[in-house]
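# Topology and contacts: notes
For reference, the chains in residue letters:
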Amino acid sequence: RTPFVGRDKEMAMIDAVLAECFEEPVARSVLVMGPPGAGKSRLRREFLARAPGRESGAAESPRAVFARADVVGSGSALGLARQILERLAGIADGEARETKAAALSRFADAIETDTAARARMREFAAELLGVPSVEPASVELSSARNEPRVLAEWLRRTFAHAVAAVARRGPLVVVLEDLHWGDEASVEFVAEAM
């Protein structure tokens, strides 16, 4: 393993932003830019490996959720948003549809106390992830499927609600790698969730 050197300034800036989030209930973003090979991925790995939060005196380390855009999926609508929601729900890459559906159900149960809200979360999160339910669609989902703008709004709200529910339980760090290959809709979803 090679030593991590020369990025003290960037690491200090990221630590300061995180410390602010621990001190006040705010969401912040940090954008790390540079040419390929400049060490952006290494900076991310080192930051996450340090268990941030302990140094700032926080009671707990943040939960880190990682999503990566790639050239193959560039322009694929909501690709990054799907990855983030999968990670929040505890879904690993390549899991079977049944496994994803079960994880989504557990996730909805964990973040929703109201029965109707839990069913809505399950249904629209499944729609976002492309894991349709075997049960007949609700009137809300059926209507939304016929109106793309309405469906997009429901999906955006569901995503933002899921992120907020997880963040209410404890600190949350969302890392997006290779954002330049990401889709605009996902960026808008993340901005709304913040």
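Residues numbered from 1 in each chain as written. Predicted model: local features only at pLDDT ≥ 70, side-chain atom pairs only at ≥ 80, totals over all residues. Heavy atoms only, no water.

## Section: the packing of aromatic side chains
Considering all chains together, one arrives at 2 aromatic pairs under this definition. Where F124 meets W154, the ring centres are 4.7 Å apart and the plane angle is 10°; that geometry is what we call stacked. In this pair, F124 sits in helix α5 (residues 115-129) while W154 sits in helix α7 (residues 148-169), placing the two residues 30 residues apart along the sequence. Here the aromatic rings of F159 and F189 are separated by 5.7 Å at their centres, their planes lie at 45°, and the arrangement is tilted. (Phe/Tyr/Trp six-rings, centres within 6.5 Å; stacked < 30°, edge-to-face > 60°. Helix = DSSP H or I, 4+ residues; strand = E, 2+ residues; numbered from the N terminus.)

## As for helix α3 (residues 79-88)
By the criterion of burial, α3 is predominantly enclosed, with 7 of the 10 residues buried. Of all the positions in α3, only L80, A81, Q83, I84, L85, E86 and L88 are classed as buried. In this fold, the buried residues of α3 make contact with β1 (63-68), α4 (97-111), α5, α7, β2 (172-177) and α8 (184-193). Backbone geometry just after α3 places G90 at a positive phi near 80°. (Buried < 20%, exposed > 50% of the residue type's maximum accessible area, 1.4 Å probe, protein only. Contact = heavy atoms within 4.5 Å.)

## Here's the deal with a nonpolar patch on the surface
A cluster of nonpolar side chains, namely L31, M33, L179 and V187, defines an oily patch on the protein surface of about 410 Å² accessible area. Summarising the element assignment, L31 is placed in the loop between α1 (8-23) and α2 (40-49). Classification of L31 by relative accessible area gives exposed; the value is 62%. (Patch = residues over 30% accessible without salt bridge, like charges linked within 9 Å, V, L, I, M, F, W, Y side chains within 5 Å. Areas by Shrake-Rupley, 256 points an atom, 1.4 Å probe, with all protein chains shown as cover. Salt bridge = Lys/Arg side-chain N within 4 Å of Asp/Glu carboxyl O.)

## Regarding the packing of α5 against α7
At their nearest, the axes of α5 and α7 sit 9 Å apart, and the two run at 110° to each other. Here α5 lies roughly perpendicular to α7, going by the angle between them. Seen along the crossing, α5 lies across α7 with a hand that is left-handed. Only L151, W154, L155, T158, F159, H161 and A162 of α7 make contact with α5, whose side of the interface consists of R120, M121, F124, A125, E127 and L128. Among the residues forming the contact of α5 with α7, the class breakdown is 9 nonpolar, 2 polar and 2 charged. (Axes fitted to C-alpha atoms, helices over the stretch in contact; angles between N-to-C directions. Parallel < 35°, antiparallel > 145°, perpendicular 65-115°, else oblique. Left-handed = near helix turned anticlockwise from the far one by under 90°. Nonpolar A, V, L, I, M, F, W, Y, C, P; charged D, E, K, R; others polar.)

So far we have only geometry, and geometry alone does not tell us how the molecule works.
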